[in-house]
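# Geometric and topological summary
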Amino acid sequence: MSMPRLASTIEAILYLKAQPLTVAEIAEFAGCDRDTAEEGLIELMEDYARRDSALEVVETPDGYTLQLREIFHHLVQTLVPADLGVGALRTLAAIALKGPISQTDLVDLRGSGAYQHVQELVELGFVRKRRQSDGRSYWLQVTDKFHQYFQLHQLPPEFEQILKSKN
């Protein structure tokens, strides 16, 4: 595979996965070895730098990701507003930090208001809910939309503080 074509393939992979990927994961999805994937990744990063694009490929602690440049983050709030209250945000932070977490454990952690928060977060597309194998509760975890919207690929340690309050 030629380098420009590989760079385009890697771009498509990062776009479609919408989460950080390691070089090994990129290589596997692209059907090439790690060295070739690294070369394609460098080519893609240089291409974005030359284009002065609204998007960029960056390395995070969890891998490489395609994301909106920080200078355009204000547009996210304007164009894709999420009207979340403090309680729902705290519930979302708990799911992001502890997920996948059972809804039962989340309610123990956040209180009974978490049921309404979960419903709201699922409707907004920030949380995925799937029934546990025993059928008694649900597993909750954040979605790719959460990572795209909040531009969080690794949660800061300060988020633990948010969980200390039940409201």
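You'll find the structure just up there.
Residues numbered from 1 in each chain as written. Predicted model: local features only at pLDDT ≥ 70, side-chain atom pairs only at ≥ 80, totals over all residues. Heavy atoms only, no water.

### Focus on the packing of helix 5 (residues 86-98) against helix 7 (residues 114-124)
Between two packed helices, the angle of one axis relative to the other and the distance separating the axes together describe the packing. It is at 9 Å that the axes of helix 5 and helix 7 come closest, and there the two elements cross at 80°. By the angle between their axes, helix 5 is roughly perpendicular relative to helix 7. Contacts from G87, A88, T91, L92 and I95 of helix 5 reach helix 7 at A114, H117, V118, E120 and L121. Residue composition of the contact of helix 5 with helix 7, grouped by class: six nonpolar, three polar and one charged. (Axes fitted to C-alpha atoms, helices over the stretch in contact; angles between N-to-C directions. Helix = DSSP H or I, 4+ residues; strand = E, 2+ residues; numbered from the N terminus. Parallel < 35°, antiparallel > 145°, perpendicular 65-115°, else oblique. Contact = heavy atoms within 4.5 Å. Nonpolar A, V, L, I, M, F, W, Y, C, P; charged D, E, K, R; others polar.)

### Brief notes about the pairing of strand 2 (residues 63-68)
In terms of residue burial, strand 2 counts as a mostly covered element, since five of its six residues are buried. Bridging between strand 1 (residues 55-60) and strand 2 involves six bridges; their strand directions are antiparallel. Residue pairing for strand 2: L55 is matched across the bridge by L68. The turn linking strand 1 back onto strand 2 is made up of two residues. (Buried < 20%, exposed > 50% of the residue type's maximum accessible area, 1.4 Å probe, protein only. Pairing = 2+ DSSP bridges.)

### Some details on the side chain of T143
Examined against the element boundaries, T143 turns out to sit in the loop between strand 5 (138-142) and helix 8 (144-150). When sequence neighbours within four positions are dropped, the list of residues in contact with T143 reads G125, F126, V127 and R128.

### Let's talk about the sheet that holds strand 3 (residues 101-102)
Across a sheet, strands are paired by hydrogen bonds formed along the backbone, either parallel or antiparallel in direction. Taken in spatial order, the three strands line up as 3-5-4 in an open sheet, and their pairing is antiparallel. The strands lining the two open edges of the sheet, one partner per strand, are strand 3 and strand 4 (127-131). Two strands pair when backbone bridges link them, and strand 3 and strand 5 are joined in this way by two bridges, in the antiparallel orientation. Looking at the pairing, S102 lines up with W139 of strand 5. Along the sheet face, helix 5 touches strand 3, strand 4 and strand 5 and points at about 95° away from the line of strand 5.

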